[in-house]
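Chain by chain, the residues:
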Amino acid sequence: MDSKEVAGWVKDAQAAFLSAGDLDELKSARLAHMGDKAPISLASRSLGSLSPDEKASFGKVIGDAKAQIASALDSATKKLENIRDQKVLLEEVVDITLPASRMHRGGLHPISIIKNEISDFFIEQGFSVAEGPEMESGWLNFDALNIPADHPARTMQDTFFIEPLESGMVLRTQTSPVQIRTMLTQEPPIYIISPGRTFRADELDATHSPVFHQVEGLVVDRGITMAHLKGTLDNFAQHMFGADVTTRLRPSFFPFTEPSAEIDIFFNGRWIEWGGCGMVNPKVLQTCGIDTDIFTGFAFGMGLERTLMVRHGITDMHDIVEGDLRFTRQFGMGL
Amino acid sequence: MRAPLSWLREFAAIPESISAQAISDAFIRVGFEVEEIITQGADLTGSLVVAKVLAIEELTGNKKPIRYVELDCGEKQSRFVICGATNFAVGDLVVAALPGAILPGNFAISARETYGKTSNGMICSSRELGLGEDHSGIIVLPANSLNVGTDAIEALEINDVIFDIAVNPDRGYALSIRGLSREIAGALNVKFVDPVEALKKLEFKKSGNGVTPVLEDGASVFYLRTLANYKADALTPLWMSRRIEKMGMRSISLAVDITNYVMLELGQPLHAFDRSKIKGSLRIGRVKKDQKFTTLDGQERNISPQDLMVMDDNGPLALAGTMGGLESEITNSTTELALEAVRFDPIAIAKNSRRHKLSTEASRRLERQVDSSLAEFASARFAQLLIDLGGASHVDSQHAGEPRFAPIVKLDPAYVSQILGFSITPEKIREILTVIGCDVDKEFNVDPPSWRWDLTQPADFVEEVARMIGYDAIPSLLPPRPKHASLTWSQKRIRVISSALAARGLSEVQTFPFTSDAIIESMGYVNERAKTYRIANPMSEDFPVLRTHLIPGLAAVASRNIGRGAKDFAIFEVGSIFRNSKDLVAAISPELDKKPSKAKIDEIFGSVPVQHLHLGAILVGKVEDTSWRGSSRSYEWSDAIAMAQEMLQLCNLEFTVVRSDFAPWHPGRCAELLIDGKAVAHAGELHPRVVEQFSLPARSVAFVINLSALPQSPLVRGEGVGAMPPALQDVALIVDEKVSAASVESALRKGAGELLESIVLFDRYDKMGDGKISLAYSLTFRASDRTLTGAEIAQVREAAVAQAVKDCGAILRTA
């Protein structure tokens, strides 16, 4: 027994492990080269009969050899296990293109999506989202907004009236009463938007609905000018319709703003009326107890349905109001 | 309001070089929306002449009447043409298109053989020439109005551009050529001549006693001019009838045409009465009692003291400012006329118009405020034209009342710049205000013109300056902004719940909040859930009231989707409901222009009924889409209850569950979820009657959460969870089948005490007989500071069971 012989055992073991074709063969090879009867094991056991000097030197040879054999076994085991695993896993292959989802496909209504998007945009600008009732006092919906009874401006809006008529109660024709409620209960500076459901007695057709949604904005602060209105709307338009959109203000008339304007956007090659806006009429501010020597304000409003239809190329209002799942599902969460 | 360019040019020096599009852009820039530019005559070329009908030969044996007409077209020889119209006679002047002419629609005229004759041209209708929609007959020109052979394109002013303009309600003055001419002249910076200036110089001599005006109510000034010797057969000159037609109206008779013409030209509605029908003086006021009155459209109307009327000693003759009466109308035997021109109170006319659902050219102008001083001059214009064209003579002019004008406003020029956000010099402001007709003194006291009742406060003048400069000049700046804003907790909660439901496969829908008494009744709603508010003017008599619950609307949408082929789905809606919680009080309408008192504001807010926000959902068919794995189970009552509970859990809200008999759910399969003893949600299987009514699949389920009733979520205190091991203990209890699972669980929790971490019902066995069921629970116990000993665990387990025995009559089931 000499170190050369031991090296031979190592070589034999390494060769045997390397040539093992599967884990079973490797097991036999392990028993043959590392088992109790293996030469290295026998040699190891015989160390006790050697002199202390021989024991020390030869013991190290044997120990090193055992480590080499173990290492060879380890890498052979890993290699063969890997092969086995791959084979097994290959057999377990499935068609992962099979339709996996079984849950119904849900989604938010596109009006909710656009309302959330607009709210988020304005919250980032420091505006709060104000809300109010849909069935509303006529004084808040009309009079306080400088729309007196019998003024032609009231006939501009076909109002749903609630019985008894003496109550003056209406289904709000605009979300502007929310602006009045806010101004009556809060001190400036006021920065709000008021998205919500509104009502006008229009027959349902491709572009009109008796029940629809608006978003209005109101700012009352020191030194607010029409330039601030324009800047806010330019920013808003670009957020909604892309950086390339062009806006235009046109003189118009609303009883609650003076000066008043229509905001048009140039989108997909044509001018589209988007909404109305203007500087809050001092009469409206005075009715709400806001000192017009100190504060000025602007307001704007537009239809959510219209915004949605223009931006998403929706051509029929029926799709928005009928609740057909096939329509809503297209929008998912809108992100 | 239409505005022919040829007529605008009479008062505004619009150069020929400016295109129709540029004129339209200028109108839009100053606030007049041009809805349409109508170009007449552009697609009309070749020879169009005035011709006289010399002879008519009726050709018989055709399906329709056909005439073979001999025309004098001012040529050496007569021309013969075939014509299908019959509204003309020998001697009439007509318009003939000669061969070579091309009419609108690329319609080439040539000599052709037809009906066995040679037709050498065509007699034209208005529509064939692109002048209007009238195709009921050919154009017949007033006798002797033109020479035969005259170029008709020029004589009829066919080549013209007509702007159709939407006039905002604050600009009544612009419902006239005078007003629009002034605007376009200002917008294009060209000279404007006010036609009223010339009328101010007119004088009429009194030659007899005319009708006396009496003004009792509803107007500031009332002019009445009496004219005699009117030749009722006098014809409207062509230039006038053509202009009236271009404005979209019809020529009727000279006297009526002049009233319309002057209204269109100047903006003042006029009404001409047959003087012989007037008894005594003419009075503007109210009738004393309800009565019948027939307007000249032949309709009998119920007149009441609310209406403003024009009356003589016998009674009403006209619904003031709205429509004349049939009896005093001008007829073809009228020789004496009384012309009324009044500056009516706009609100009185608006009320007349609204009460009688009668919107006329006159009422539309009067309710939008007419020039205060125009009654005098417009009536003078009428007299001038009737004398010139109708041979009439002036008898007498009288008036009652005096014009009232808008007050002078003190304007600080700096205010204009402050509002617009850019600098404008006082000189520029003065120049613009002068262009629109104001007088401005050195101190900037601004006296608005008589036609601008809308200019009452400095802000009104700011708009005038801005629009004449152009809104494009306003810079674009972002305002100073608050540091922070966020959604409120209730707004965030709606988003969280909606998103959670959408992520679970529910689709959000939105329905109209309208319903009917029949639906409310059939759903089984009672008490305050059956009481709602009624719409006075609903879109449909089928849905005249406001909804009290979301389920009917959702069921209808579910039904619609099923009808369109959907089978398995879940939908939800977030929306307001309206319950008649209080009788509506009479409208509270405090004074404007100053803030109402706190008490008054509270009273107004309090007068509006509370409208709760609900979330409702309906789940129909299978829980999952049918797939290659097969078909899943159907939704059942517990799915709806689970979803409602999960939404509350999502909000960290603690609730209890009780069974409820609540419409429109199945009385035995409806859960009520309570927070602090208040019902906040209902869930379960829909009542079979409702399922059937909406043709939903059997056992469809639904839930509704009253979002407005949910309290704010408590701030979560994050308790440390520790790393001690749990101890699991199973217990099976036999209870009476009437005992609810919730009460057993509650008893177990109570008995187990604080060491109990969680409890799960893992089995329910209802086939024991004797009205008994078995409930098997897995209890997890854990202490945060130690591993529980066997003795401790046994003790709490026994305590839990003992409590269930005591509270629910449970018997511990042994293996």
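Residues numbered from 1 in each chain as written. Chains lettered and ligands numbered in written order. Predicted model: local features only at pLDDT ≥ 70, side-chain atom pairs only at ≥ 80, totals over all residues.

A. Examining the overall build of chain A more closely. Summing up its helical and strand segments, chain A has 13 helices and 10 strands in all. Compactness check: chain A gives a C-alpha radius of gyration of 41 Å against a globular reference of 20 Å for 335 residues, more than 25% above the reference. Along the first, second and third principal axes, the C-alpha set of chain A runs to 125 × 45 × 45 Å. The buried share of chain A, reckoned over its 335 residues, is 48%. Long-range contacts, defined here as pairs at least 24 residues apart, represent 64% of the contacts in chain A between residues at least 6 apart. (Helix = DSSP H or I, 4+ residues; strand = E, 2+ residues; numbered from the N terminus. Rg over C-alpha atoms; globule rule 2.2 N^0.38 Å. Buried ≥ 20, exposed ≤ 12 C-beta atoms within 10 Å, placed from the backbone. Contact = placed C-beta atoms within 7 Å.)

B. Spatial organisation of the sheet that holds strand E23 (residues 337-344) of chain B. Residues and elements named next belong to chain B. Read across the sheet, 4 strands follow the order E16-E23-E15-E24 without closing on themselves; strand pairing throughout is antiparallel. The strands lining the two open edges of the sheet, one partner per strand, are strand E16 (270-274) and strand E24 (393-401). Taken pair by pair, the neighbouring strands of this sheet meet at an average axis angle of 20°, ignoring direction. Across 8 bridges, the pairing between strand E15 (residues 219-228) and E24 is antiparallel. Of the residues in E24, the one forming a bridge with Leu227 is His394. (Pairing = 2+ DSSP bridges. Axes fitted to C-alpha atoms, helices over the stretch in contact; angles between N-to-C directions.)

C. Geometry of helix H21 (residues 790-808) of chain B. Residues and elements named next belong to chain B. The end-to-end C-alpha distance of H21 is 27 Å, a good match for the 27 Å that 19 residues give at a rise of 1.5 Å each. Buried residues along H21 sit in contact with strand E37 (727-736), helix H20 (741-752), strand E38 (756-765), strand E39 (772-781) and strand E40 (811-812). Downstream of H21 by one or two residues, Gly809 has phi in the positive range, about 65°. (Expected span 1.5 Å × (residues − 1).)

D. Inspection of the interface of chain B and chain A at higher detail. Tallying the contact residues gives 94 residues for chain B and 87 residues for chain A. Those elements that place two or more of their residues in the side of chain B that touches chain A are helix H8 (346-355), helix H11 (413-420), helix H13 (458-469), helix H14 (489-503), strand E28 (507-508), helix H16 (551-563), strand E31 (569-576) and helix H17 (598-607) of chain B. Residue classes in the side of chain B that touches chain A are distributed as 49 nonpolar, 23 polar and 22 charged. (Nonpolar A, V, L, I, M, F, W, Y, C, P; charged D, E, K, R; others polar.)

E. Spatial organisation of the domain arrangement of chain A. You can read the domains of chain A as domain 1 (3-91) and domain 2 (110-329). Computed from C-alpha coordinates alone, the two centres of domain 1 of chain A and domain 2 of chain A are separated by 85 Å. (Domains from an automatic or database assignment.)

F. Structural view of the sheet that holds strand E1 (residues 2-4) of chain B. Residue and element names in this part refer to chain B. Judged by pairing direction, the sheet is antiparallel, and its 3 strands sit side by side in the order E1-E13-E2 without closing on themselves. Each having just a single partner strand, E1 and strand E2 (33-40) make up the two edges of the open sheet. Averaged over all pairs of adjacent strands, the angle between their axes in this sheet comes to 20°, without regard to strand direction. Here 3 bridges tie E1 to strand E13 (residues 160-166), and the two strands are oriented antiparallel to one another. Bridging across to E13, Ala3 finds its partner in Phe163.

G. Expanded view of the pairing of strand E33 (residues 656-659) of chain B. Residues and elements named next belong to chain B. Here E33 runs beside strand E34 (residues 665-675); their pairing, made up of 4 bridges, is antiparallel. Note on E34: the bridge partner recorded for Arg659 is Ala671. Linkage of E33 to E34, two consecutive antiparallel strands, is achieved through a turn of 5 residues.

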